[in-house]
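Here are the chains, one letter per residue:
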Amino acid sequence: VVDSMEVPGTEIIVFLDALGVSRIWGNWYPEFKVPEFVSFEYLEVQEGMVGWQIDMRNYTEEEMIYIVQEEDVTEQPYKVYLPVENEEGLQIRTCWAVPVSNSTNESFKGWLAYVDIKEGFLVDLVAR
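Residues numbered from 1 in each chain as written. Predicted model: local features only at pLDDT ≥ 70, side-chain atom pairs only at ≥ 80, totals over all residues. Heavy atoms only, no water.

Now for the pairing of strand β8 (residues 122-127). Side-chain direction in a regular strand flips from residue to residue, so the side chains alternate between the two faces of the sheet. With five bridges connecting them, strand β7 (residues 110-116) and β8 associate as antiparallel partners. Bridge pairing links Leu112 to Val126 in β8. The antiparallel pairing of β7 with β8 creates a hairpin that spans five residues between the two strands, and Gly120 there sits at a positive phi of about 80 degrees. (Pairing = 2+ DSSP bridges. Helix = DSSP H or I, 4+ residues; strand = E, 2+ residues; numbered from the N terminus.)

Structure follows, in structure tokens:
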């Protein structure tokens, strides 16, 4: 957590024994630049997600395309710092974590869409 915002994929594990610290393991990121302004508000991002087409083969192996409906994006989004690997190395993006429900399959809850707050593009889409 940085400034009360979650950083998914990070953790620090410290192994202690009677002699003290024996190992430190995990992911830690040095200071990173946080955008000064939010260019894309969460309501704008939610509205823009309506109509998205998601290939279900990647999530449930069903041969179908799920189309995001307005009622699928009603939960409150929240900001996160998301570590992303790209050709330049590791980068931390400030994103809206937008819960997206799946209304057609009771056994698959849906996704978290990570949308960049400054540039508005989809950074990642993961199953919940």
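Within the secondary structure, Phe40 is located in the loop between β2 (20-27) and α1 (42-49). For Phe40, a relative accessible area of 26% puts it in the partly exposed group. Residues Phe40 and Gly120, 80 residues apart in the sequence, show an inter-C-alpha distance of 6.0 Å. Excluding residues within four positions of it along the chain, Phe40 makes contact with Val45, Trp96, Asp116, Ile117, Lys118, Glu119 and Gly120. (Buried < 20%, exposed > 50% of the residue type's maximum accessible area, 1.4 Å probe, protein only. Contact = heavy atoms within 4.5 Å.)

Residues Met49, Val100, Trp111 and Ala113 are the most contacted members of the largest nonpolar core, which totals 16 residues. For this core, the secondary-structure elements that each account for two or more residues are α1, β6 (89-101) and β7. Once residues within four sequence positions are removed from consideration, Met49 is found in contact with Val68, Val73, Val98, Val100 and Ala113. Formed by seven residues, the second largest nonpolar core is a distinct cluster that contains Val80, Val84, Cys95 and Ala97. (Core = buried A, V, L, I, M, F, W, Y, C linked by side-chain atoms within 4.5 Å.)

This part takes up the environment of Ile67. Of note, Ile67 is situated in strand β4 (residues 65-67). Between the C-alpha atoms of Ile67 and Gln53, which are 14 residues apart in sequence, the distance is 4.6 Å. Once residues within four sequence positions are removed from consideration, Ile67 is found in contact with Gly51, Trp52, Gln53 and Asp72.

This next bit is on the pattern of salt bridges. Oppositely charged side chains can form a pair if their charged atoms are brought close together. On inspection of all chains with the given rule, the structure shows five salt bridges. For Arg57, the salt bridge goes to Asp55, with nearest N and O atoms at 2.5 Å. For Arg57, a relative accessible area of 44% translates into the label partly exposed. With a shortest N-O distance of 3.2 Å, Arg93 and Glu119 are connected by a salt bridge. Of this pair, Arg93 sits in strand β6 while Glu119 sits in the loop between β7 and β8; the two residues are 26 residues apart in sequence, bridging distant segments of the chain. Arg93 gets classed as buried once you look at its relative accessible area, which sits at 14%. Salt bridges here are not isolated pairs; linked through shared partners, they connect Asp55, Arg57 and Glu63. (Salt bridge = Lys/Arg side-chain N within 4 Å of Asp/Glu carboxyl O.)

In this section: α1. Within the sequence span of α1, burial applies to Val45, Gln46 and Met49. Seen end-on, α1 carries its buried residues on one side only, within an arc spanning 100 degrees. For α1, the exposed residues lying more than 90 degrees away from the buried face are Leu43 and Glu47. Where α1 is buried, its residues contact β6 and β7. (Arc of directions from axis to C-beta.)

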